[in-house]
Amino acid sequence: DLQREKYRPQFHFTPPAKWMNDPNGMVFFEGEYHLFYQHHPDGTTWGPMHWGHAISKDLTHWEHCPIALKPDEHGEIFSGSAVVDWEDTSGFFGGKPGLVAIFTHADHYPDSERPRQRQSIAYSLDKGRTWITYEGNPVLSEEAITDFRDPKVFWHVPKQQWVMVLATGDRVLFYTSSNLKQWNVESEFGAAEGSHDGVWECPDIIELPVDGGMEGSKWVLIVSIGDNPQCPEGSRTQYFVGDFDGSSFTNDASPETILWLDHGRDNYAGVTWSDAQRADQGKLFIGWMSNWKYANLIPTASWRSAMTLPRVLFLKKVPDGIRLVQEPLAELQQLRLGAKHWEETTIVPGQNLLSDAQGDIYEIECEIDPGDASEVGFKLRKSEREETVVGYNVFDRKLFIDRSNSGEKHFHEAFACKHDVQLELHNGRLKLHIFVDQSSVEVFANDGEIAVTDQIFPDPTSTGMELYVKDGEAKLVSLKLYPLQSIYS
Ligand code: FRU
């Protein structure tokens with residue numbers, strides 16, 4: 001019973017059983033959102049990779065489907081993407097539109113330990129239910145490059161051709177194609193740009209309006225970087241803002257600038273949905289809510305890992321440049337079960353406005369004027385033994401999550417931690433939008449300017465909460481607390 005299982009997320013996507021890592025092949029077609037994922041169906045740790053599959057109409061409730069792709073004579077199925085081939089450029093669909101998946105086949109060079117990674121394709125004649133691997137696989141190989149994976153493909157409208165961005169160790173390569181079968185290399189980006197704390201993986205490139213289109217549009221290149229034993233942060237995701245002309249990407253920022261997509265520890269390998277046109281022109285994104293540092297060790301029993309909440313990405317002009325903002329998907333509001341509402345209240349040290357509130361899955365929206373307090377925030381999933389703190393340090397102007405005493409934590413030494421990120425107040429006010437599930441907390445601050453995503457493993461009975469303030473009084477402008485309904489109820 002998924003509703004009663006310890007730590008089982010109640011409104012985040014999880015595999016029904018066994019291991020999951022990266023989200024793959026997200027595509028919207030004929031009214032359905034597809035989500036595939038890196039899956040080891042025979043174990044709860046990473047192993048021979050398949051593509052698991054689920055379908056949703058609202059990105060909130062999911063129907064689990066049979067495994068879509070499994071290891072074959074070319075190897076295991078690593079990460080990749082899927083597209084709608086609207087014009088049947090591939091010739092797979094008899095002139096009609098259909099779905100094509102583009103992924104990495106991973107095996108070894110003959111008689112060698114050296115990994116071999118090559119790109120292959122598969123297509124579906126039944127709206128994604130079953131998949132046929134192309135007889136000409138692999139469609140792209142490059143013996144000189146060992147790390148050669150995670151193709152993300154889209155149709156570039158001005159040049160009327162397919163573009164693939166591929167992770168190749170310390171950079172990405174761009175390829176183009178007219179039919180998804182023959183690929184030509186165009187350019188590379190990144191060997192001397194951004195963070196190289198880990199190997200580059202799971203790239204994506206998207207065009208987004210700036211400030212709702214008032215300032216034109218820009219291209220965002222998303223690149224995940226793998227774990228590095230030297231870095232406490234583990235695996236994480238960076239992005240670059242710039243221009244893309246259909247064959248090469250140029251970075252607006254200086255090469256040493258590093259922009260993080262999420263400032264928590266558990267949002268990795270995320271990419272966007274193909275063909276999900278939105279009226280607001282945002283792009284739908286989902287990430288793997290774990291970290292390679294400890295993903296294989298998290299204390300869940302029958303399955304491992306969840307996805308982040310789906311988010312909508314936008315670009316916003318701020319004093320430092322153009323930055324990603326992310327908003328939790330509006331469809332999630334259907335899970336709200338009424339609201340408790342507070343307004344215009346003074347918060348005083350030692351008093352807890354939320355002393356009567358209880359919850360294990362809920363959403364908080366609040367606006368606070370920290371006044372003369374030194375720190376203000378929430379203690380969540382709280383009991384006498386444990387708590388997770390989401391707070392704002394007023395003097396340092398830093399938003400933090402402290403999960404050092406959040407519940408089970410001894411499975412890895414890097415898990416228990418407090419981490420923070422610079423966040424400026426807007427007109428003297430702090431806005432927080434927080435989602436708490438059985439084993440996660442996600443914070444969207446100042447209308448999505450900063451996102452922080454962390455796993456936590458509190459005891460199911462730790463359901464208390466507190467709104468706290470230190471060394472002064474703060475003003476609560478408004479606070480809404482929404483208990484959420486389980487997607488399994
Ligand atoms: C990222 C990643 C990808 C690879 C996949 C294998 O988490 O390492 O680069 O394709 O996972 O499962």
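Everything quoted here is computed from the prediction, not taken from an experiment.

A.B. asks: Just give me the short version of the packing of aromatic side chains, but keep the residues and values in it.
C.D. replies: According to the stated counting rule, one finds 33 aromatic pairs in the structure shown. With 6.1 Å between their ring centres and 70° between their planes, Phe 29 and Trp 86 make a pair best called edge-to-face. Of this pair, Phe 29 sits in strand 1 (residues 18–29) while Trp 86 sits in the loop between strand 5 (76–85) and strand 6 (98–108); the two residues are 57 residues apart in sequence, bridging distant segments of the chain. The class for Trp 86 is partly exposed, based on a relative accessible area of 47%.

A.B. asks: Talk me through the pairing of strand 10 (residues 161–167); I want residue IDs and the actual numbers.
C.D. replies: The element strand 10 is largely enclosed, with a buried count of six among its seven residues. Here strand 9 (residues 149–156) runs beside strand 10; their pairing, made up of six bridges, is antiparallel. The partner of His 156 across the bridge, within strand 10, is Gln 161. What sits between strand 9 and strand 10 in their antiparallel hairpin is a turn of four residues, with Gln 160 showing a positive phi close to 50°. Between strand 10 and strand 11 (residues 172–177), which follow one another and run antiparallel, lie four residues, and Gly 169 among them has a positive phi close to 85°.

A.B. asks: Describe the site of the ligand, listing the residues and the values that go with them.
C.D. replies: As a matter of local geometry, the ligand sits amid 13 residues, with Asp 22, Gln 38, Arg 149, Asp 150 and Trp 292 nearest to it. A distance of 2.6 Å is found between an oxygen atom of the ligand and a side-chain nitrogen or oxygen belonging to Gln 38. Measuring from an oxygen atom of the ligand, one finds a side-chain N or O atom of Trp 46 at 3.0 Å. Considering the ligand on its own, with 320 Å² of exposed area, one finds that the protein chains cover 95% of that surface. Among the secondary structure elements, those contributing two or more residues to the shell around the ligand are strand 1, strand 5, strand 9 and strand 13 (200–209).

A.B. asks: Just give me the short version of the nonpolar core, but keep the residues and values in it.
C.D. replies: Membership of the largest hydrophobic core comes to 39 residues, with the highest contact counts inside it found for Phe 11, Phe 13, Leu 35, Trp 273, Leu 284 and Met 307. Contacts of Trp 273, omitting those with residues within four sequence positions, involve Met 26, Val 27, Phe 28, Tyr 33, His 34, Leu 35, Leu 59, Trp 62, Leu 284, Phe 285 and Ile 286. By size, the runner-up hydrophobic cluster in this structure holds 36 residues, among which are Trp 342, Ala 357, Ile 368 and Val 390.

A.B. asks: If you had to explain the sheet that holds strand 24 (residues 362–369) to someone new, which residues and values would you point to?
C.D. replies: Across the sheet, which stays open at both edges, the six strands sit in the order 23-33-24-29-30-31 with antiparallel pairing between neighbours. Looking at the sheet topology across the chains shown, the edges are occupied by strand 23 (340–347) and strand 31 (450–455). Averaged over all pairs of adjacent strands, the angle between strand axes in this sheet comes to 15°, irrespective of strand direction.

A.B. asks: Give me the lowdown on the pairing of strand 24, citing residues and values where you can.
C.D. replies: Side-chain positions along a regular strand alternate between the two faces of the sheet. Of all the eight residues making up strand 24, six are buried; the element is thus mostly covered by neighbouring parts of the structure. As paired strands, strand 24 and strand 29 (residues 430–437) are joined by seven bridges and run antiparallel to one another. Paired with Cys 366 across the two strands is Leu 432, which belongs to strand 29. Here strand 24 runs beside strand 33 (residues 474–483); their pairing, made up of eight bridges, is antiparallel. For Glu 363, the partnering residue across the bridge sits in strand 33 and is Tyr 482.

A.B. asks: Tell me about the environment of Asn 24, residues and numbers included.
C.D. replies: For Asn 24, the position within the fold is in strand 1. By relative accessible area, Asn 24 is classed as buried at 0%. Between the C-alpha atom of Asn 24 and that of Trp 303, which follows or precedes it by 279 residues, the distance is 18 Å. Non-local contacts of Asn 24, meaning those with residues more than four positions away in its chain, are made with Leu 35, Phe 36, Tyr 37, Gln 38, Trp 51, Phe 78, Ser 79 and Gly 80. Engagement of the side chain of Asn 24 in a polar contact is seen with the side chain of Trp 51, the distance being 3.2 Å.

A.B. asks: Tell me about the sheet that holds strand 4 (residues 63–69), residues and numbers included.
C.D. replies: What holds strands together in a sheet is hydrogen bonding between their backbones, with the strands either parallel or antiparallel. If you walk across this open sheet you meet the five strands as 4-3-2-1-20, and the pairing is mixed. The sheet terminates laterally at strand 4 and strand 20 (303–304), the two strands that pair on one side only. Note that strand 1 and strand 2 (residues 32–40) share seven bridges and pair antiparallel. Bridging across to strand 2, Asn 24 finds its partner in Phe 36.

Calculation criteria
- Numbers given for residues are sequential positions, taken from 1 along each chain in its written order.
- In keeping with the model being predicted, local features are shown solely for residues with a pLDDT of at least 70 and side-chain atom pairs are shown and tallied solely at 80 or more, while totals for entire chains, interfaces and linings include all residues.
- Side-chain numbers come from the whole structure's heavy atoms, not from hydrogens or water.
- Stacked, tilted and edge-to-face are the three classes assigned to paired rings of Phe, Tyr and Trp, where Trp is represented by its six-membered ring and a pair needs centres within 6.5 Å; plane angles under 30 degrees give stacked, over 60 edge-to-face, the rest tilted.
- We count a stretch as a helix when DSSP gives it H or I for four or more residues in a row; a strand needs E for two or more, and each element gets its number in order from the N terminus.
- Type-normalised accessible area, obtained with a 1.4 Å probe on protein chains alone, sets the label of each residue: buried when under 20%, exposed when over 50%, and partly exposed for intermediate values.
- Two strands qualify as a pair provided DSSP detects at least 2 bridges between them.
- One heavy atom within 4 Å of a molecule or strand makes the whole residue count as near it.
- Polar contacts, as counted here, are pairs of nitrogen or oxygen atoms within 3.5 Å of one another; within protein the pair requires one atom able to donate a hydrogen and one able to accept it, and residues that are adjacent in sequence qualify only if both atoms are side-chain atoms.
- We get accessible surface area from the Shrake-Rupley algorithm with a probe of 1.4 Å; when it comes to residues, only the shown protein chains can shield them.
- Put simply, a nonpolar core is a bunch of buried Ala, Val, Leu, Ile, Met, Phe, Trp, Tyr and Cys residues held in one set by side-chain atoms that sit within 4.5 Å of each other.
- Residues are treated as being in contact if the distance between any of their heavy atoms lies within 4.5 Å.
- Interaxial angle, 0 to 180 degrees, is taken between N-to-C directions of lines fitted to C-alpha atoms, where a helix line uses only the stretch in contact.

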